[in-house]
Each structure stands twice: as C-alpha cells, then as structure tokens.
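# Structural overview
Residues per chain are reported as follows:
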Amino acid sequence: MKVIVLKDYEAVSEFSFQKLSEKLHENIGKKIVLGLPTGSTPLLFYKKISENELDFENVITFNMDEYVGLDKQNENSFYYFMNQNLYSKVNLKEQNINIPNGMAKDLTKECMDYEEKIKQAGGIDMFFGGVGSNGHIAFNEPYSSFNSVTRVQDLTLKTIKDNSRFFKSLEEVPKKALTVGISTIMSAKELIFMASGENKARAVFEAVKGEVSEACPVTVLQKHENAYLVVDEAAASLLK
Ligand code: GLP
C-alpha cells in the first residue's frame, strides 16, 4: 500500500480524479470496471468527473454498498446519491450501472448474484473508496472477515451515528446494509481509498501504523500490492 499525504480535500479529490482520468485515457475503446463509493468524501471527486466530462461509454460500475429498506427514490439511498452525483452527469449506460438492491425480497440471493455479476464482468479494475471513522471500508464493520464477500451487514452504533447527519433522526437510519466483502474489495486490481478531515485521523493511523487485523478493516489495504491510501494533512495528523 502506498500512502499519499496531500494538503487538503481538494488535492485528495484531484489525485483520485487524475488516477481515473489516466486509466480511462489509457484504455480508450476498452471495457473498464470501476468499484465506487458514496459518502461525503467522494463528492468532489464526482464533481470533477462531471465537470471534466470523462468518457464513461465503456465503463461498468459496481457500487460498494446500499442500505437495506431504502428504495431508489429515497433521498438517503445510495442509488439516489449516485444518480445525483454521477449517473445523471456522465454518458454511463444504464445497463452498465450496478448497485446492490436493498429492497430485494431475498437479500441473501441479491448479494450472491451481485458477487457473481462482478465476476462475470471480469472483476474490478479500479476500486475507489472512503474510510469510516471506525476503520470500516464499504460497510465492512470491525471484525468482518477478510474472506467476506457481498452480504448483509448489521451496522454498528458508531456508523449509524456518523451517518445520521444525512437523516432527520437517528431512528430513521437503516440498521442493516448490503455490502461487498473485504475479499471482494481485495480482488480488485487497483485500490484508491481516500480520507479527509480530523475525524478520520484515528482510522488513518491504524491503517498505516496498525497491525493488519479484522478489528480494523481498513488495515487490510496494507496487504494489497496496488493500493493507494490518499489522505489530507488533517486525516494524517496522528501519523507524525
Ligand atoms: C459510509 C459508507 C462508506 C464510506 C463511509 C465514510 O458508511 N458505507 O463507503 O466510506 O461511510 O463516509 P464519509 O465519506 O461520509 O465520511
């Protein structure tokens, strides 16, 4: 894992944007499979993609997670977020958009099918992600198995509290989500994980200096041969 410390949120977003831009330019006319996150961290990254009109003609996307019980029209669903920030802004084909369906009748089947779809697409070339303040990646909460694949995950109180800022009340935050597993993420050819702000400093410290352990999912990135952890100075503040 390469750790890149940059000045601020803008620089972190620009780094990720440049990585994606290079990848798309090197592969014009070829299929590229992306893993994509939601949350506040990737907002500027998505803004840069739409402002620079990156060509998504041959791109297939797989989002990393979705809340259980929120439909596509719900403003807090990750589908809604993705539609607002990316799908409606680029020339991505509808049939190339993949995001777990948190409304599926059979959630276990939905997860198994999702994992299979990623395989059918040839695996993920570049997986972008954020980091939870408790070190979660996607919705793989602490003590998720490093062998985990796409599945239903109970959210921790810490994550529910963190994410409640987007909801009217804590009670409204779903308690479960569908998430790709740690092994799904680690199977991607390249990983680019971003963290910004002081509330991520502890997770970033663990990610870089901590022992690789299921107790802190983001530490698994240390084992990937082609991973970047891109953080701003505030998120890196405990590294000094
Ligand atoms: C959520 C998402 C993660 C995201 C994390 C951090 O729980 N499932 O994919 O990385 O929160 O979010 P933020 O970027 O808003 O801090």
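The coordinates are above.
Quick caveat: nothing in here was measured; it's all calculated off a predicted structure. (Residues numbered from 1 in each chain as written. Predicted model: local features only at pLDDT ≥ 70, side-chain atom pairs only at ≥ 80, totals over all residues. Heavy atoms only, no water.)

### Quick look at the site of the ligand
If you check the shell around the ligand, you find 13 residues, and the closest are S40, T41, D65, R165 and K200. Within the contact set of the ligand, an oxygen atom lies 3.5 Å away from a backbone nitrogen or oxygen of V131. At a separation of 3.0 Å, an oxygen atom of the ligand approaches a polar side-chain atom of H136. Protein chains bury 94% of the 390 Å² of accessible surface belonging to the ligand in isolation. When grouped by side-chain class, the residues that make up the shell around the ligand number 4 nonpolar, 6 polar and 3 charged. (Near = heavy atom within 4 Å. Polar contact = N/O pair within 3.5 Å; in protein donor to acceptor, adjacent residues only side chain to side chain. Areas by Shrake-Rupley, 256 points an atom, 1.4 Å probe, with all protein chains shown as cover. Nonpolar A, V, L, I, M, F, W, Y, C, P; charged D, E, K, R; others polar.)

### Topic: the nonpolar core
Counting 39 residues, the largest nonpolar core has L20, L34, I49, F56 and L86 as its most contacted members. Top element by residues in this core is helix α3 (residues 78–87). It accounts for 6 residues. The residues contacting L34, other than those within four sequence positions of it, are L20, F56, V59, I60, T61, F62, I124, M126 and F128. A121, A138, L221 and V231 belong to the second largest nonpolar core, which has 34 residues in total. (Core = buried A, V, L, I, M, F, W, Y, C linked by side-chain atoms within 4.5 Å. Buried < 20%, exposed > 50% of the residue type's maximum accessible area, 1.4 Å probe, protein only. Helix = DSSP H or I, 4+ residues; strand = E, 2+ residues; numbered from the N terminus. Contact = heavy atoms within 4.5 Å.)

### Some remarks on the pattern of salt bridges
Throughout the structure, instances matching the rule amount to 10 salt bridges. Residues K23 and E190 are paired through a salt bridge, measuring 3.9 Å at the closest nitrogen-oxygen approach. Highlighted residues: K23 in helix α1 (residues 9–26) and E190 in strand β9 (residues 190–195), separated in sequence by 167 residues. This pair shows no difference in class: K23 is buried, exactly as E190 is. For the salt bridge of K158 with D162, the shortest nitrogen-to-oxygen distance reads 3.4 Å. Of this pair, K158 and D162 both sit in helix α5 (residues 157–163), 4 residues apart, which is roughly one turn of that helix. Here K158 falls in the partly exposed class, since its relative accessible area comes to 43%. Through salt bridges that share partners, E10, E14 and K48 make up one connected network. (Salt bridge = Lys/Arg side-chain N within 4 Å of Asp/Glu carboxyl O.)

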